[in-house]
Amino acid sequence: MNNIHDNQSNAPMQILYQDDAILVVQTHAGAFDKTNLDDLYGAFNLGLHVNDNPQQVLANRAKLLSAIQAITPANAIYWLNQVHGDVVHDVDDATLGLVADAADALMTNRSGVGLSIMTADCVPIAMFDRQGGGIACIHAGWQGLTNGIIAKTVQRLHTNRSDLSAVIGACISQAAYEIDRALADKICQTVVSSSLVAMDYHSLFDTIIMPSGDDKVHIDLTTLTKLQLAHQGVNIVDTPILCSYQTASLYSYRAQTHAGKSATGRMAMVIIKK
């Protein structure tokens, strides 16, 4: 990954993946004290829904677009009001504005259009057709992964699945993500019954769940994401995946809640077809 801090745009971000046809970037918080109760948003929050100054957030979004335009032509970045569901919006639909309501994935066939996903622990996924077809971005927390958001996005892309590749961005690691055992059982049962992975319940549980004690377990969202992508025939690009909880420059809802903070900013993954 290449760090970029463009002097004109002042947008802290990393290139996660780039080739002749595709660019995938991820932002971070910039100057940020993750445990300081007075520093809720750092220097580069991109979420309008977390009670930050909306003018500052919109200015940050404009800086991000400018930074991307310094790398490749880009007309706009589309955003989502993310709801942990399974709805996929096609931004090529002329009735859709720059912010799509109540959805967790975006897709397009157009060049020069940025698709964004905001996260603060959930898994961001950028997907693209290596033969020049459509691109998509996906917001995948445990709810989205249980609801089949990956499979539904792949289906909507209408392409040969063997031509699809995916890049996974920063998200919470298994060591940092403790949940109730009952919830872990529900997730594994639903994923298996919905045929979202090629495994039975016990195999999936043993693969993504680590016992913690007192009816608590640790869940591995990254591995669950990879299993679902592989089941769809999607090639997974081998890139480092940072832990949002443990990395000082990344927003983490869980880490900041544990620190007693009242709000959490959002970083963004953006994919664009050149």
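For the structure itself, look to the data block above.
Notes on the structure in this doc start here.

Conventions we followed
- Residues numbered from 1 in each chain as written.
- Predicted model: local features only at pLDDT ≥ 70, side-chain atom pairs only at ≥ 80, totals over all residues.
- Heavy atoms only, no water.
- Axes fitted to C-alpha atoms, helices over the stretch in contact; angles between N-to-C directions.
- Helix = DSSP H or I, 4+ residues; strand = E, 2+ residues; numbered from the N terminus.
- Parallel < 35°, antiparallel > 145°, perpendicular 65-115°, else oblique.
- Contact = heavy atoms within 4.5 Å.
- Nonpolar A, V, L, I, M, F, W, Y, C, P; charged D, E, K, R; others polar.
- Pairing = 2+ DSSP bridges.
- Left-handed = near helix turned anticlockwise from the far one by under 90°.

## Observations concerning the packing of helix α5 (residues 201-208) against helix α6 (residues 221-231)
Helix packing geometry: the angle between the two helix axes and the distance between the axes. At their nearest, the axes of α5 and α6 sit 9 Å apart, and the two run at 135 degrees to each other. When the axis of α5 is compared with that of α6, the two are oblique. On α6, the residues that touch Leu204, Thr207 and Ile208 of α5 are Thr223, Leu224 and Leu227. For the contact of α5 with α6, the residue count by class is four nonpolar, two polar and no charged.

## A look at the sheet that holds strand β12 (residues 178-180)
Taken together, the three strands give an open sheet; going across it, the order is β12-β14-β13, and neighbouring strands pair in antiparallel fashion. With partners counted over all chains shown, the strands left at the sheet margins are β12 and β13 (209-213), one partner each. Taken over all neighbouring pairs, the strand axes of this sheet differ in orientation by 40 degrees on average, direction set aside. As judged from the four bridges shared by β13 and strand β14 (residues 216-219), these two strands associate in the antiparallel manner. Counterpart to glycine 213 in the pairing with β14 is lysine 216. Here helix α4 (residues 181-193) sits on the sheet in contact with β12, β13 and β14, set at roughly 85 degrees to β12.

## Remarks on the packing of α4 against α5
Axis separation between α4 and α5 bottoms out at 9 Å; the angle between their running directions is 130 degrees. By the angle between their axes, α4 is oblique relative to α5. Classified by chirality, the crossing of α5 by α4 is right-handed. Every residue of α5 that contacts α4 at Arg181, Ala184, Asp185, Cys188, Gln189, Val191 and Val192 is listed here: Tyr201, Leu204, Phe205 and Ile208. Split into classes, the residues belonging to the contact of α4 with α5 amount to eight nonpolar, one polar and two charged.

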